[in-house]
Amino acid sequence: MLTRLGRLLAQGPVVAHGTTAAYAAWLVAQLGQRAPGQLWVVTADDDALRAFAEDLRFFAPELALAELPGIEVSPYTDVFPDQSEVVARVGTLWRVAAADRPISVIVTSAGALSRRTIAPAELLPRGQVVRRGQHLDRDALVAGLVEAGWQRAPVVDEPGTFAVRGGVLDVFSPVLSHPVRLELFGDEVETLRTFDVESQRTLREIQEIALTPVREVIATGTQTPRLRLREHAEVLIHPSKATRRLIEQLEANPHFVGVHGLTPAFHDHMCSPLDYAPATATVVVIDPDAVQGAARQAWADAEARHAARREQGDFVYPPKDHFVPPQELAEKLRAYPRRLELPRLELVRRPGDADDGSTSLRVTIDELTALRGEMTRLRQTRDHDEQQGRALAQQLAAWRDDGLAVTIGCDTLARAERLQAVLEGRGLPCAQSERWPEEPPEPAPEPRPGQAPPIQLVHGSPSGSFASAADALVVLRASDVFGPPPREHRAAARRAKAALLGNVADFGELEVGDYLVPVSYTHLRAHETDSYLVCRLLLE
């Protein structure tokens, strides 16, 4: 299957029907290790992005992987976007643009590609790599950090902040999990050490650090934000007094609430993040209908919010300055000849339908529904351990006799050891591994009866189980045998509670008549009336 897919992709776009989420991640992991150039994976939303990235880390732990998230907060709401999302987004784009810091796979979403960002030519020079032994000007480095959107602080405690004390600079780069202490001897970088935020203790020495931009609201291009704001105010016929107040507010504090809605004022040109992908990249679209639906929804939401703000006389930029229109995004995706689409539904082409030049491929994947159902049923029996072990061993033995390689993802070490004892007690060879093999063998073109390797018990778990006879592969989850671990039950309960309480992302989603259940009363002020107690929410 994999060999055939590689040949077809070399000839043009491919539409593969019948894949599952977990199998799609395994397939992308194989392509990412074998395909030439970068591989971009497009999902419908950021939740799907994170789930797919987790599967990729299970199937290809050594793969150079980066996540490119969207920004959940609309530019038409006066709410701060999650800074971690912005930092991750800009940092990933800079790493993609920097040719000397290659990334094999970029996982992104329709929302992320729809939201415009800084052009590659403007973003790349605003980041830099500092190496041990390098000579540099401390003041020039600090000025460069400020220009790239970093915030100076007494103590670094989150990505995108830095602190200066004489010849010592503490920087918290978004590409690292810990901040770095940079010590200068004169103008030479003497040491680079990561350290713990709480204890300030040194963790380890490193040889270099990438200081990427951390905001999209940084001035680029030939004009100043002041001039661009004045020009747009003339287009809107916005009152000059209100425009002056806005400019003064921006110059006094460039990080005020709502400044992300003015992002177009900071750049001559903004583009889709997809413009960072080289023309030779392989683009994999997971559920194309959902991707296009998410892009259309983002555009419709932007148009509605923009219209509401304009009715109020607010200073806002039109949707086309913040978002890529859905049709334009679809055309950008179709422009990549090495394109793999994995739809949920298969549409039968009728006579007279336009031919888009893609090759259709049918993939037969067994989601192991029968086995999982049997394991669930046997868990309710009195002697479930014995009956489960016998039924599981029989099925695994049958797969191995057919020449299929079997891997079981174990969410805990205890479950891995339990499975190994059960299977080896029934004569099935097993081998434990902390991760999926770093250099997996080439998938067999067809099953080889009687030549299957030992059952692999890998620490970690994919999002689903599957069997592919065409790839001579079976992937099973230990949770399908023993049931979800207790922590998943608790997480499900928390999600149910959040849904019950409305699961509101920002106050812009509230409507008149909605009920709120306070979690904290810090920002609530109570007022007695004749018949009931009224709580007013103070937005600060």
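Before reading further, recall that the structure is shown in the block above.
Residues numbered from 1 in each chain as written. Predicted model: local features only at pLDDT ≥ 70, side-chain atom pairs only at ≥ 80, totals over all residues. Heavy atoms only, no water.

What about the sheet that holds strand 16 (residues 339-342)?
Item 1. On the basis of which strands lie adjacent, the open sheet formed by seven strands has the order 3-4-2-15-16-1-17 and parallel pairing. Each having just a single partner strand, strand 3 (65-68) and strand 17 (359-362) make up the two edges of the open sheet. Looking at each pair of strands side by side, their axes are set apart by 20° on average, direction ignored.
Item 2. Relative to strand 16, strand 1 (residues 14-17) runs parallel, the two sharing two bridges. What sits directly across from Val-15, in strand 16, is Glu-341.
Item 3. Across the sheet, helix 2 (residues 21-34) lies against strand 2 (39-43), strand 4 (105-109), strand 15 (282-286) and strand 16, angled at about 160° from strand 2, the strand it touches most. (Pairing = 2+ DSSP bridges. Helix = DSSP H or I, 4+ residues; strand = E, 2+ residues; numbered from the N terminus. Axes fitted to C-alpha atoms, helices over the stretch in contact; angles between N-to-C directions. Contact = heavy atoms within 4.5 Å.)

Considering the sheet that holds strand 11 (residues 188-195)
Item 1. The strand order across the open sheet formed by six strands is 7-8-9-10-11-12, and the pairing between neighbours is mixed. Every interior strand has two partners, whereas the edge strands, strand 7 (151-152) and strand 12 (202-205), have only one.
Item 2. In this sheet, strand 8 (residues 161-165) lies alongside strand 7 in parallel orientation, the contact comprising two bridges. Across the sheet, the residue bridging to Gln-151 is Thr-161, located in strand 8.
Item 3. Helix-sheet contacts for helix 7 (residues 138-147) involve strand 7, strand 8, strand 9 (168-171) and strand 10 (180-185), and the interaxial angle to strand 8 is about 160°.

Remarks on the pattern of salt bridges
Item 1. One pass over the full model with this rule turns up 29 salt bridges.
Item 2. Glu-205 is the salt-bridge partner of Arg-132, the closest N and O atoms lying 3.2 Å from each other. Here the residue Arg-132 occupies a position in the loop between strand 6 (128-131) and helix 7, and Glu-205 occupies one in strand 12, the gap between them amounting to 73 residues.
Item 3. Note on Arg-132: relative accessible area 39%, which makes it partly exposed.
Item 4. Between Asp-275 and Lys-332 there is a salt bridge; the shortest N-O distance is 2.8 Å. Residue Asp-275 is located in the loop between strand 14 (270-271) and strand 15, and its partner Lys-332 is located in helix 12 (residues 326-334); the two are separated by 57 residues in the primary sequence.
Item 5. Residue Asp-275 is classed as partly exposed on the basis of its relative accessible area, which comes to 36%.
Item 6. Connected through shared salt-bridge partners, Arg-132, Glu-183, Arg-193 and Glu-205 make up one network. (Salt bridge = Lys/Arg side-chain N within 4 Å of Asp/Glu carboxyl O. Buried < 20%, exposed > 50% of the residue type's maximum accessible area, 1.4 Å probe, protein only.)

A look at a negative patch on the surface
Item 1. The grouping of Asp-137, Asp-187, Glu-188 and Glu-190 at the surface amounts to a negative patch.
Item 2. Assignment of secondary structure puts Asp-187 in the loop between strand 10 and strand 11.
Item 3. For Asp-187, a relative accessible area of 41% translates into the label partly exposed. (Patch = residues over 30% accessible without salt bridge, like charges linked within 9 Å, V, L, I, M, F, W, Y side chains within 5 Å. Areas by Shrake-Rupley, 256 points an atom, 1.4 Å probe, with all protein chains shown as cover. Lys, Arg positive; Asp, Glu negative; His and termini not counted. Charge placed at Lys NZ, Arg CZ, Asp CG, Glu CD.)

Focus: helix 9 (residues 240-252)
Item 1. For helix 9, built from 13 residues, the straight-helix expectation of 18 Å at 1.5 Å per residue is met to within 8% by its first-to-last C-alpha distance of 18 Å.
Item 2. On the buried face of helix 9, the contacting elements are helix 8 (225-236). (Expected span 1.5 Å × (residues − 1).)

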